[in-house]
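# Observations on the three-dimensional arrangement
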Amino acid sequence: MLRDVWTKTLWDQRRALLGWLIGFVAVAMMYAGFFQFAATPEYQELIDSMPAGLVEGFGWDDISSPAGYLGSTVYGLLGSALIAVMTIGMGAKAIAGSEEDGSLEVLITMPVTRTKVVIDRTVALLLAALGGGVAVFIGVLAVREPADIDISIGLLAAASLGLALLGLLVGAFTIMVGAFVGKRGLVVGAGAAFAVLGFLVNALAPQVEQIAWLENLSPFHWYDATGTLGDGLDWGLTLLTVAVAVAFVAVAVLAFNRRDVRGT
Amino acid sequence: MAEAIVTDKLSKSYGKFLALDSLDMEVRVGEVYGFLGPNGAGKTTTIRLLLDVLRPSGGSARVLGLDPKNDNVELLRRIGYLPGDFVVDGRQSPRQYLTYLGNLRGGVAALAVETLADRLSLDLDLQIGSLSKGNRQKVGLVQAFMHEPELLVLDEPTSGLDPLMAREFLALVDEAREAGQTVFMSSHILSEVQHVADRAAIIREGKLVAVDEVEELRARAMRRVQVTFDRDVPGDAFASIDGVTDVVVQENTLHCRLVGNADGLVKAASRFTVVDFISEEPDLEELFFHYYEGDDHVA
Ligand SMILES: Nc1ncnc2c1ncn2[C@@H]1O[C@H](COP(=O)(O)OP(=O)(O)OP(=O)(O)O)[C@@H](O)[C@H]1O
Ligand SMILES: [Mg+2]
């Protein structure tokens, strides 16, 4: 664990990460377990009584099918928000946070390139995001049968991978901002803005005809958990997600190599 | 390669503020070089430029014959660096942290770490977060020395160390020189480096104001002296002594400034019964002031 930058990064955050993993499992079990109550006429009535825009925005229109339910809860707003909070936190720490607390100076004056620092910290973030995806997968899997969730294990795994990659994308964006500015608070804000804006565009744009096309720009649209739980991953959009994340990291490497590192 | 560090009109501005102004400096291989200056003089800025933490706004530097930016990894392998604000995550022990840094350097003998920690009385197994400031500074010192680098760049290495540990540190520097290593260290005080450094530079407001053998600087340094006698003394008794200026006599106490040899002053004082004799090194600001305005004071 003390061998390399990415292992050390994970090791340093092991307690927080363990907390996140437990949280993911718990949330997934709780919400997925609740499905048997959601798939009732009473619940559908409740949803029907809500404003249509809201229901559509949150993806609750298909709440009584297992894919619709999971896609709008565990893999929907809740899951995406949780994984985004985790990866924004890690992404902000990757450069800006360590720079602000002063510990980055020692690291970049070791015989490792700045490029390696950015990439290793991204790898740590990727593994954490994948860990989050696996935790959600395990949580849902644990209650799949008792809660009558009729979705194959493969599709659950696909949606979990999609969730992890969404986390990676948001985290990579956050790292990129940190590579430009070494202010942690600012970087967290930028990461959160990116995630919220992406979510809102995906939720609201389709409801206004003239701007409906905007949804194609949102990573949340690419992610589309309900679709994945029904038909499996859209490989094109999955690849797009990964490619954009890689592009963010590439820009981060360039930016971080060019600038001063400010100490405390 | 006769120079470990060469800078050529090295400059750095932060926005409009020029923190380092055309620094020309040469540090020879094998010497211990003191880099002195008051707060805000530009010492840390210079050092960060040498390590490619910061990028120059103008001029250039070569360190161990290499370019800090383009040959970064190669250079950093051969340097031991103690930052001015040495910060580490407190939730680990020095042993874990030093092992990690050693691994980043491609492995460092555990024995080297043990030996250094022993000499500095650093417990390697406590949490760093629970260590006092001075003990945390020792962690920084160990990581700078542990791989026996060709060049040690130490930014205020004694900050936080008690006098005993500061002495042990100076012994380490001495041994490093004996072993052929070059040491570049910053400080606020001349007396701190005078016993180990061969040469020292003085920097103020981003400009180099003096470079000299430490002995020379020392000889020209001005001290504040206060002598207390057992009874009132006449003011004119100390009026025209070599190197003594700003004489003020208040009843039984003499205050003055002394540059160079203290012999004249001591002999003049010995005509009375001396109760106490305090000679204080001034802060650097005052030292430079005299270094420049110096000549008529020395006379
Ligand atoms: N990141 C920064 N942004 C703006 N100004 C800075 C920055 N870093 C340093 N300065 C300014 O540059 C000048 C030189 O600072 P530097 O840290 O190099 O001084 P120093 O000689 O190391 O001082 P000290 O003895 O207090 O450590 C100071 O006036 C400082 O305020
Ligand atoms: Mg400093």
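Structure shown above.
Quick look at the structure, then. (Residues numbered from 1 in each chain as written. Chains lettered and ligands numbered in written order. Predicted model: local features only at pLDDT ≥ 70, side-chain atom pairs only at ≥ 80, totals over all residues. Heavy atoms only, no water.)

### Quick notes on the nonpolar core
To keep it simple, the criterion reads: Only buried residues count toward a nonpolar core, which is a set of Ala, Val, Leu, Ile, Met, Phe, Trp, Tyr and Cys residues joined through side-chain atoms within 4.5 Å. Each residue gets one of three labels from its accessible area relative to the maximum for its type: buried under 20%, exposed over 50%, partly exposed in between, using a 1.4 Å probe on protein chains only. Put simply, DSSP marks the helices as runs of H or I at least four residues long and the strands as runs of E at least two long, and each gets a number from the N terminus on. Working rule for contacts: check all heavy atoms of both residues, and any pair within 4.5 Å makes them a contact.
With 154 residues, the main nonpolar core has A:Leu70, A:Tyr75, B:Phe145 and B:Phe184 as its most contacted residues. With 15 residues, helix 10 (residues 153-180) of chain A is the single largest residue contributor to this core. Excluding residues within four positions of it along the chain, B:Phe184 makes contact with B:Ile5, B:Met25, B:Val27, B:Tyr33, B:Phe35, B:Ile47, B:Leu50, B:Leu152, B:Val153 and B:Leu154.

### Considerations on the site of ligand 1
The criterion, for reference: The nearness test applies per residue and asks whether one of its heavy atoms lies within 4 Å of the molecule or strand. Pairing of N or O atoms within 3.5 Å defines a polar contact, subject to two protein rules: one partner must be a possible hydrogen donor and the other a possible acceptor, and residues neighboring in sequence count only if both atoms are side-chain atoms. Using a 1.4 Å probe, the Shrake-Rupley method yields the accessible areas, and only the shown protein chains count as cover for residues.
Residues in contact with ligand 1 amount to 14 residues; listed here are only the nearest, B:Gly40, B:Lys43, B:Thr44, B:Thr45 and B:His188. At ligand 1, the nearby residues belong to more than one chain, namely chains A and B. One nitrogen or oxygen atom from the side chain of B:Tyr14 is found 3.5 Å from a nitrogen atom belonging to ligand 1. Side-chain polar atom of B:Asn39 to an oxygen atom of ligand 1: 2.8 Å apart, as the coordinates give it. Considering ligand 1 on its own, with 640 Å² of exposed area, one finds that the protein chains cover 66% of that surface. At the level of elements, strand 2 (17-28) and helix 1 (43-50) of chain B are the ones that each hand at least two residues to the shell around ligand 1. For the shell around ligand 1, the element with the most residues is helix 1 of chain B, which contributes 3 residues.

### A closer look at the pairing of strand 9 (residues 207-213) of chain B
Residues and elements named next belong to chain B. Applied cut-off: The pairing criterion is simple: DSSP has to find at least two bridges between the two strands.
With 6 bridges joining them, strand 8 (residues 199-204) and strand 9 adopt antiparallel strand pairing. Across the sheet, the residue bridging to Ala201 is Val211, located in strand 9. Hairpin connection between strand 8 and strand 9: a loop of 2 residues separates the two successive antiparallel strands, and Glu205 in this loop has a positive phi of roughly 50°.

### Concerning the sheet that holds strand 8 of chain B
All names here are of chain B. Where we set the bar: Axis geometry follows a simple rule: fit a line to the C-alpha atoms, using only the stretch in contact for helices, then measure angles between N-to-C directions, giving values from 0 to 180 degrees.
Strand order across the open sheet formed by 6 strands is 5-6-7-3-8-9, with mixed pairing between neighbours. Each edge of the sheet is formed by a strand with only one pairing partner; in this case those strands are strand 5 (79-82) and strand 9. Across this sheet, the average inter-strand angle for adjacent strands is 15°, counted without regard to direction. Pairing of strand 3 (residues 32-36) with strand 7 (residues 182-187), which is carried by 5 bridges, proceeds in the parallel orientation. Bridge pairing links Gly34 to Met185 in strand 7. Contacting strand 3, strand 6 (151-154) and strand 7, helix 6 (residues 163-178) crosses the sheet at an angle of about 150° to strand 7.

### Points about the pattern of salt bridges
Once the charged atoms of two side chains with opposite charge are near each other, the side chains can pair. Our working rule: Any carboxyl oxygen of Asp or Glu within 4 Å of a side-chain nitrogen of Lys or Arg constitutes a salt bridge here.
This model, assessed by the stated rule, comprises 23 salt bridges over all chains. Between A:Arg259 and A:Glu99 there is a salt bridge; the shortest N-O distance is 2.7 Å. Of this pair, A:Arg259 sits in the segment after helix 14 (235-258) while A:Glu99 sits in helix 7 (residues 77-101); the two residues are 160 residues apart in sequence, bridging distant segments of the chain. Across the pair, A:Glu99 and A:Arg259 agree in class, each one buried. Residue B:Arg95 pairs with B:Glu114 through a salt bridge whose shortest N-O separation is 2.7 Å. Taken together, the residues B:Arg95 in helix 3 (residues 94-104) and B:Glu114 in helix 4 (residues 110-119) connect sequence positions 19 residues apart. Under the relative-accessibility criterion, B:Arg95 is labelled partly exposed at 32%. Judged by relative accessible area, B:Glu114 falls into the partly exposed class, the value being 33%. Taken together, the salt bridges that share partners define one network made up of A:Asp4, A:Lys116 and A:Asp120.

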